[in-house]
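Descriptive analysis of the structure
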Amino acid sequence: MNLEQDLKWLSNHPQFAHLARVLVEQREHTISTLHEASAEKVMQISGRILAYNDLLSMINAEELIRRHTA
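Okay, so let's go over this structure.

**Considering the pattern of salt bridges**
Applying the stated criterion across every chain yields a total of two salt bridges. Between Arg27 and Glu28 there is a salt bridge, with the nearest N and O atoms lying 3.1 Å from each other. Relative accessible area serves as the criterion here: at 19%, Arg27 is assigned to the buried category. Between Glu63 and Arg66 there is a salt bridge, with its nearest N and O atoms 2.5 Å apart. With Glu63 and Arg66 both in helix H4 (residues 61–68) and three residues apart, the pair spans about one turn of that helix.

Structure (structure tokens):
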């Protein structure tokens, strides 16, 4: 299997949607830490936010969460 097939298979499982929701929450929490961050930490925090965004985009999180929301 390749990554695309793996993600398609995983998207059929509500546990994967739960992981996506947790990633969204973690991204939002990380964004909120920017308000209190020192100038030195902003780049590091921004990198974490971008990593979350990349993961959420790769797994098509919005659609995944929508499909598995009760």
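Text resumes after the structure shown.
**Description of the nonpolar core**
One finds Leu7, Phe16, Ala17, Ala20, Leu23, Tyr52, Leu56, Ile59, Ala61, Leu64 and Ile65 forming the largest nonpolar core, which totals eleven residues. By residue number, the principal contributor to this core is helix H2 (residues 14–33), which donates four residues. When neighbours within four sequence positions are excluded, Leu64 is seen to be in contact with Ser11, Phe16, Ala17, Ala20 and Ile59.

Rules used throughout
- Residues numbered from 1 in each chain as written.
- Predicted model: local features only at pLDDT ≥ 70, side-chain atom pairs only at ≥ 80, totals over all residues.
- Heavy atoms only, no water.
- Salt bridge = Lys/Arg side-chain N within 4 Å of Asp/Glu carboxyl O.
- Buried < 20%, exposed > 50% of the residue type's maximum accessible area, 1.4 Å probe, protein only.
- Helix = DSSP H or I, 4+ residues; strand = E, 2+ residues; numbered from the N terminus.
- Core = buried A, V, L, I, M, F, W, Y, C linked by side-chain atoms within 4.5 Å.
- Contact = heavy atoms within 4.5 Å.

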